[in-house]
Amino acid sequence: MAEHSSGLLSVLKYADKLMKYSDFQNAIIYYLSILKVVGDSPHVYVRIAHAYRFLGDIENSKIHFSKAHVLDPKNFIDYYKADESINPFETIRSISIELSNDCNYSTWHKKCPAHDVLDKKTLSSDMVHKILDELSIISYTGELMWHLYNEPLMDPRLVTFIKYAKSVCPASVIHLWTNGFYLTQAVADEVVNAGASRITISAYTDAEYERLSKLEIPIIHLIEKVGELDLRKEMYSNEEIKSCVPCITPSRDIVVRFNGDVVICCLDWKNSVVFGNIYNQSLKEILSSTRYKEVSKSLRYGIKDEAICRRCNWKTWII
């Protein structure tokens, strides 16, 4: 597979381009040529299923969706079969709890959605505990994070939340993402002692990178230099992209905004697709809702009904 990967990705991109221009018959031919090299691939089977669906050949579409499901049942629930019995927490690998909408770097970073925030707000402590308590019931083992567009270390409650998360979800991976501005050796020690499992630090200047590199952090950690911010702030004005590439983000990465909204993904900073609100619903109720199930299920098969999804050019799958 490795020696063919570059060529295969080129073929895949070309076949996806054919799909974009509605040349479904030839797209199928190229997808099948990939399968001859790699053998079975659920991601390719899903693309073929879409091509047949667009051609009106529902029988062949069902066959290929089913093949994807058999190969990877966790990520590819059979699109043509009901999945009401699926545990809503079964596929979740991470939950981001945005503690506030405040970031100390937001005034510098004009490309960051937090740059335009004037009304600073925080997610209540009761709601954070409510989420963690619910996760404790299912013995949650995935990642717990405290950010979206905020800087977690600005929140004086953070260490208390980490301690509580460690006590009720001891098997979870408590992951702190920070821009490092407030991270000193004393703060790092406090975070580690509270129960953090990992720390990822974004250093925005060479001087900060050098300073942060000198910290002694006895858990898994990464210090990365950050250049230009991405263009997610322009996401809603992008031209629509004709793509049937599957996306598993809402099925696996849950985002709770500072106001309690559970949104489709981390790119949806305008909260354009909201599945529910933690202030008046439980997380299980939100993830069991018809809206959440329909959207996440469709995206697993590349069916993009939401406007933000039709404009998204983030790559979520490769062969």
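Just so we're clear, the structure is a prediction, and the values are computed from it rather than from any experiment.

## Here's the deal with the overall build of the chain
When its secondary structure is counted, the chain shows 12 helices and 8 strands. Over its C-alpha trace the chain gives a radius of gyration of 21 Å, about what one expects of a compact globule, namely 20 Å for 319 residues. Once the C-alpha set of the chain is aligned to its principal axes, its extents read approximately 60 × 45 × 35 Å. In the chain, buried positions account for 51% of the 319 residues.

## Structural notes on the nonpolar core
Formed by 65 residues in total, the largest nonpolar core has its most connected members in Ile95, Ile97, Leu135, Trp146, Ile264 and Leu283. Residue contributions to this core peak at 6 residues, all from helix 6 (residues 158-168). Sequence-distant contacts of Ile264, that is, excluding residues within four places in its chain, are made with Pro250, Val273, Phe275, Val295, Leu299, Glu306, Ile308 and Cys309. The next biggest cluster of nonpolar side chains, apart from the first, holds 22 residues, and it includes Leu8, Leu18, Tyr52 and Ala68.

## Structural notes on the sheet that holds strand 5 (residues 220-225)
The strand order across the open sheet formed by 8 strands is 5-4-3-2-1-6-7-8, and the pairing between neighbours is mixed. Each edge of the sheet is formed by a strand with only one pairing partner; in this case those strands are strand 5 and strand 8 (274-277). Each strand axis lies, on average, 20° off the axis of its neighbour in the sheet, ignoring direction. Pairing of strand 4 (residues 198-203) with strand 5, which is carried by 6 bridges, proceeds in the parallel orientation.

## Thoughts on the pattern of salt bridges
A pair can form between side chains of opposite charge whenever their charged atoms are brought close. Considering all chains together, one arrives at 12 salt bridges under this definition. A salt bridge links Arg157 to Asp155; the shortest N-O distance between them is 2.8 Å. Each of the two residues, Arg157 as well as Asp155, counts as buried. For the salt bridge of Glu208 with Arg211, the shortest nitrogen-to-oxygen distance reads 2.7 Å. Taken together, the residues Glu208 and Arg211, both in helix 8 (residues 206-213) and 3 residues apart, mark about one turn of the helix. By relative accessible area, which is 14% here, Glu208 ends up buried. Ionic contacts of the salt-bridge type, sharing partners, join the residues Glu240, Arg310 and Arg311 into one network.

## Thoughts on the pairing of strand 6 (residues 253-256)
Residues Asp253 and Val255 line one face of strand 6 and the alternating positions Ile254 and Val256 line the opposite face, and both faces are buried. As paired strands, strand 1 (residues 94-97) and strand 6 are joined by 4 bridges and run parallel to one another. Across the sheet, Ser96 pairs through a bridge with Val255, a residue of strand 6. Inspection of the sheet shows strand 6 paired to strand 7 (residues 261-263) by 2 bridges, in the antiparallel sense. Bridge pairing links Val255 to Val263 in strand 7. Linking two consecutive strands that pair antiparallel, namely strand 6 and strand 7, is a turn of 4 residues; a positive phi of about 95° is found at Gly260 within it.

## Here's the deal with the packing of aromatic side chains
Tallied over the full model, the rule gives 7 aromatic pairs. Ring geometry for Tyr14 and Tyr30: centres 5.0 Å apart, planes at 75°, overall edge-to-face. With a gap of 16 residues between them, Tyr14 in helix 1 (residues 5-20) and Tyr30 in helix 2 (residues 24-38) connect regions that are remote in the sequence. According to the relative accessible area criterion, Tyr14 is partly exposed, its value standing at 40%.

Rules used in this analysis
- Residues numbered from 1 in each chain as written.
- Predicted model: local features only at pLDDT ≥ 70, side-chain atom pairs only at ≥ 80, totals over all residues.
- Heavy atoms only, no water.
- Helix = DSSP H or I, 4+ residues; strand = E, 2+ residues; numbered from the N terminus.
- Rg over C-alpha atoms; globule rule 2.2 N^0.38 Å.
- Buried < 20%, exposed > 50% of the residue type's maximum accessible area, 1.4 Å probe, protein only.
- Core = buried A, V, L, I, M, F, W, Y, C linked by side-chain atoms within 4.5 Å.
- Contact = heavy atoms within 4.5 Å.
- Pairing = 2+ DSSP bridges.
- Axes fitted to C-alpha atoms, helices over the stretch in contact; angles between N-to-C directions.
- Salt bridge = Lys/Arg side-chain N within 4 Å of Asp/Glu carboxyl O.
- Phe/Tyr/Trp six-rings, centres within 6.5 Å; stacked < 30°, edge-to-face > 60°.

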